[in-house]
Amino acid sequence: MSITSNSTSNPYSSINDLLSNVRNFKIIESTLREGEQFANAYFSTETKIKIATMLSEFGVDYIELTNPAASPQSLADCKAICELGLKAKILTHTRCTLEDAKLACDCGVDGVDVVIGTSQFLREHSLGGKDMTSITKQAIEVIEYIKSRGCEVRFSSEDSFRSDLVDLLSIYRAVNNVGVGRVGVADTVGCASPRQVYDLVRTLRGCVSTDIEVHFHDDTGCAVANAFTALEAGATHVDTSVLGIGERNGICPLGALMARMMPTSRDYILSKYKLHQLKAIEDFVAESVEINVPFNNPITGFCAFTHKAGIHAKAILNSPSTYEILKPEDFGLSRYVHFTSRLTGWNAIKSRVDQLGLKMTDDQIKEVTAKIKQMADLKVMTLDESDALIRSFHLELTNGQS
């Protein structure tokens, strides 16, 4: 049997799957709903309008807003954003009640995302002991009302991964049969693993014909992996927020999802989203909620494209793809080769010598590299100090030759 046809393929490359939507999905951006539940969040109307406008220009498909029933200002803000005429569709997230649904539709939204608890925990402690029969009846009534108003409607279970599977599939089938636009799967407490996500979404994909939306909290650090796995299993829509802000540890971050999708779906992402705008969006939201962008934030963290170890620096200078799966230029950013530490290699110093417009032989560069390493063993060196040492060494060489 010949294996030559596969000899140069990547054994870890994704397998094409007819159900997979990793190259065809939509984002429901929830910074102005889930993000409002972040501990530090307080968004004025002006700030909400700015965030909504930035997200729409970035290219998200939907923007989800806080339930207008939450407060008089939430109602006013919902109406104001609906009147902006943004490219992104405007949704609001409500309880599964006719009162909330009517108020939402009256605001002029494009769609209403209704949610109700289905786990035993929530049915007992949040819904007063309701059984699944009454929950299903209530859901169908609300869905049919929203549809009658000409709005898109999504029905989501809450705490999906701690709900009984038979209960879940039964209610999803019921709402699918009355023409719901999307069904939602919510990992409300962040307990799901990627394997659990794949199994549930794949099973659900075989039970309903409608779109599938997923919402993952990050309490156990799996939100991005779970979102990607859900798309592999056949989900069509992913909820995100900028920097992942939301209740407790938040949800799948918009930027981190972009980072995860680029290696798999580069052409799709570049054709749909204005990635150069991501840093400005994250900086604005971070400032609005008084936090710093994390140092290890995918794409925009301050060291996301910084290379320090000598062996890394040498390879990066020769071919960036050796140690970068993402290209900083795709995001309007640039890489930085660190050359002021004890780990610095001479190839990095050679690059810096060239940047400074100086001329040295390889042996001379290796000699000055040794001096930098010697100094870096004693203290943290700044860029200016490293440059000064290089210039001083170069001056000594020049004077020695004259």
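Note: the structure precedes this text.
Residues numbered from 1 in each chain as written. Predicted model: local features only at pLDDT ≥ 70, side-chain atom pairs only at ≥ 80, totals over all residues. Heavy atoms only, no water.

1. Remarks on the overall build of the chain
Our working definition: In this text, helices come from DSSP runs of H or I with a minimum length of four residues, and strands from runs of E with a minimum of two, each type numbered from the N-terminal end. Per-residue accessibility, obtained with a 1.4 Å probe over protein chains only, is compared with the maximum for each type, and a residue is labelled buried under 20%, exposed over 50%, and partly exposed between these values. Between two residues, a contact is recorded if the distance between any of their heavy atoms is within 4.5 Å. Using a 1.4 Å probe, the Shrake-Rupley method yields the accessible areas, and only the shown protein chains count as cover for residues. For the purpose of charge, His is not counted, nor are the chain termini; Lys and Arg are scored as positive and Asp and Glu as negative. Throughout, a charge is located at the NZ atom of Lys, the CZ atom of Arg, the CG atom of Asp or the CD atom of Glu.
A tally of helices and strands in the chain yields 14 helices and 10 strands. For the chain, the spread of C-alpha atoms along the principal axes amounts to about 90 × 65 × 35 Å. In the chain, which comprises 402 residues, the share counted as buried stands at 49%. Taking the contacts inside the chain whose residues are at least 6 apart along the sequence as the reference set, 72% of them involve residues at least 24 apart. Accessible area for the chain stands at about 19300 Å²; split by element, carbon and sulfur atoms hold 51% of it. With 41 positive and 50 negative side-chain charges, the chain shows a spacing of 5 Å between the two charge centroids.

2. Re the pairing of strand S7 (residues 211-216)
Threshold: A pair of strands is considered paired only if DSSP assigns at least 2 bridges between the two. A clockwise path from the first strand over the helix to the second, with the strands pointing away from the viewer, defines a right-handed crossover.
Summarising burial for S7: five of the six residues are buried, a large majority. In terms of strand pairing, strand S6 (residues 182-187) meets S7 through six bridges, oriented parallel. Following the sheet pairing, valine 183 is matched in S7 by isoleucine 212. Crossover connection from S6 via helix H7 (residues 194-205) to parallel S7: handedness right-handed. Pairing of S7 with strand S8 (residues 237-240), which is carried by two bridges, proceeds in the parallel orientation. If you follow valine 214 over to S8, its bridge partner there is valine 238. The handedness of the S7 to S8 crossover, carried by helix H8 (residues 223-233), is right-handed.

3. Thoughts on the packing of helix H12 (residues 346-355) against helix H13 (residues 362-376)
Our working rule: Lines fitted to C-alpha atoms define the axes, with helix axes restricted to the stretch in contact, and inter-axis angles between N-to-C directions lie between 0 and 180 degrees. Roughly parallel means an angle under 35 degrees; roughly antiparallel means over 145; roughly perpendicular covers 65 to 115; every other angle is labelled oblique. Side-chain classes are defined by residue name, with Ala, Val, Leu, Ile, Met, Phe, Trp, Tyr, Cys and Pro counting as nonpolar, Asp, Glu, Lys and Arg as charged, and the others, Gly among them, as polar.
Where H12 meets H13, the closest approach of the two axes is 9 Å, and the angle between their N-to-C directions is 105°. For the element pair H12 / H13, the angle class is roughly perpendicular. Residues Trp346, Ile349, Lys350 and Val353 of H12 form the contact with H13, whose own contacting residues are Asp362, Ile365, Lys366, Val368, Thr369 and Ile372. Of the residues that constitute the contact of H12 with H13, the class distribution is six nonpolar, one polar and three charged.

4. Notes on helix H5 (residues 132-148)
Put simply, the rule is: Here a helix's expected span is defined as the number of its residues, less one, multiplied by 1.5 Å. Note: the arc covers the axis-to-C-beta directions of the helix.
Look at H5: 24 Å from first C-alpha to last across 17 residues, which is about the 24 Å you get at 1.5 Å a residue. All buried positions along H5 are accounted for by Met132, Ile135, Thr136, Gln138, Ala139, Val142, Ile143 and Ile146. Each buried residue of H5 lies within a common arc of 165° when the element is viewed along its axis, so the set occupies one face. Seen from the buried face of H5, the exposed residues on the opposite side, beyond 90 degrees, are Thr133, Lys137 and Ser148. Buried residues along H5 sit in contact with helix H3 (98-106), strand S4 (111-117), helix H4 (120-125), strand S5 (152-158) and helix H6 (165-177).

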